[in-house]
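The primary structure of each chain is shown beneath.
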Amino acid sequence: MMKKPDVSKEPCSECGGHLKKKYISQAFERGGVTVKLSGIAALVCSKCGEIYFQPGGSEKVVEAANSLFKLATIERQFKRPLTGEICKA
Ligand SMILES: [Zn+2]
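The following paragraphs examine the structure supplied in this document. Every chain is numbered independently, its residues counted from 1 as its sequence is written. Under the rules for a predicted model, residues below a pLDDT of 70 receive no local features and side-chain atom pairs below 80 are neither given nor counted, while totals for whole chains, interfaces and linings still include all residues.

Quick notes on the nonpolar core
Phase 1: For the purposes of this analysis, a nonpolar core is taken to be any set of buried Ala, Val, Leu, Ile, Met, Phe, Trp, Tyr and Cys residues that are connected through C-beta atoms within 7 Å. We call a residue exposed when 12 or fewer other C-beta atoms sit within 10 Å of its C-beta, buried when the count reaches 20 or more, and partly exposed for counts in between; the C-beta positions come from the backbone. With 10 residues, the main nonpolar core is built from Cys 12, Leu 19, Leu 37, Ile 40, Ala 42, Leu 43, Cys 45, Tyr 52, Phe 53 and Val 61.
Phase 2: For this core, the secondary-structure elements that each account for two or more residues are strand S3 (33–45) and strand S4 (51–53).
Phase 3: In terms of residues, this core owes the most to one element, S3, which gives 5 residues. Every helix listed is a DSSP run of H or I at least four residues long, and every strand listed is a run of E at least two residues long, numbered separately from the N terminus.

Here it is as structure tokens:
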């Protein structure tokens, strides 16, 4: 689902649909542990639902997910959902 970053005015490269700025949630599963990031600003195609992150954004999302996985391992929160949320300053 993750694609290369795109400019906000450009149409979806998959279907040509209109991209809308949205705050999305993404869940990641690894070795039975699930972490969730929510409130990530991204551009989402209104037609096919393709997700486009800001330039460099997808790498940062993966980094954040990796950090949550490490935290989950340290705290042994295997049985509990761990959520990272981006809030306004
Ligand atoms: Zn599309």
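Considering the pairing of S3
Phase 1: When DSSP locates at least two bridges between a pair of strands, those strands are taken to pair. Pairing between strand S2 (residues 19–30) and S3: 12 bridges, direction antiparallel. From the neighbouring strand, Leu 19 faces S3, where its bridge partner is Cys 45.
Phase 2: Linking S2 to S3, which pair antiparallel, is a turn of 2 residues; within it Gly 31 sits at a positive phi near 55°.
Phase 3: Looking at chain direction, S3 and strand S5 (residues 82–85) are connected through 4 bridges and run parallel. Paired with Val 35 across the two strands is Leu 82, which belongs to S5.
Phase 4: As defined by bridge partners, S3 adjoins S4 across 3 bridges and the pair is classed as antiparallel. Among the inter-strand pairings, Leu 43 is bridged to a residue of S4, identified as Tyr 52.

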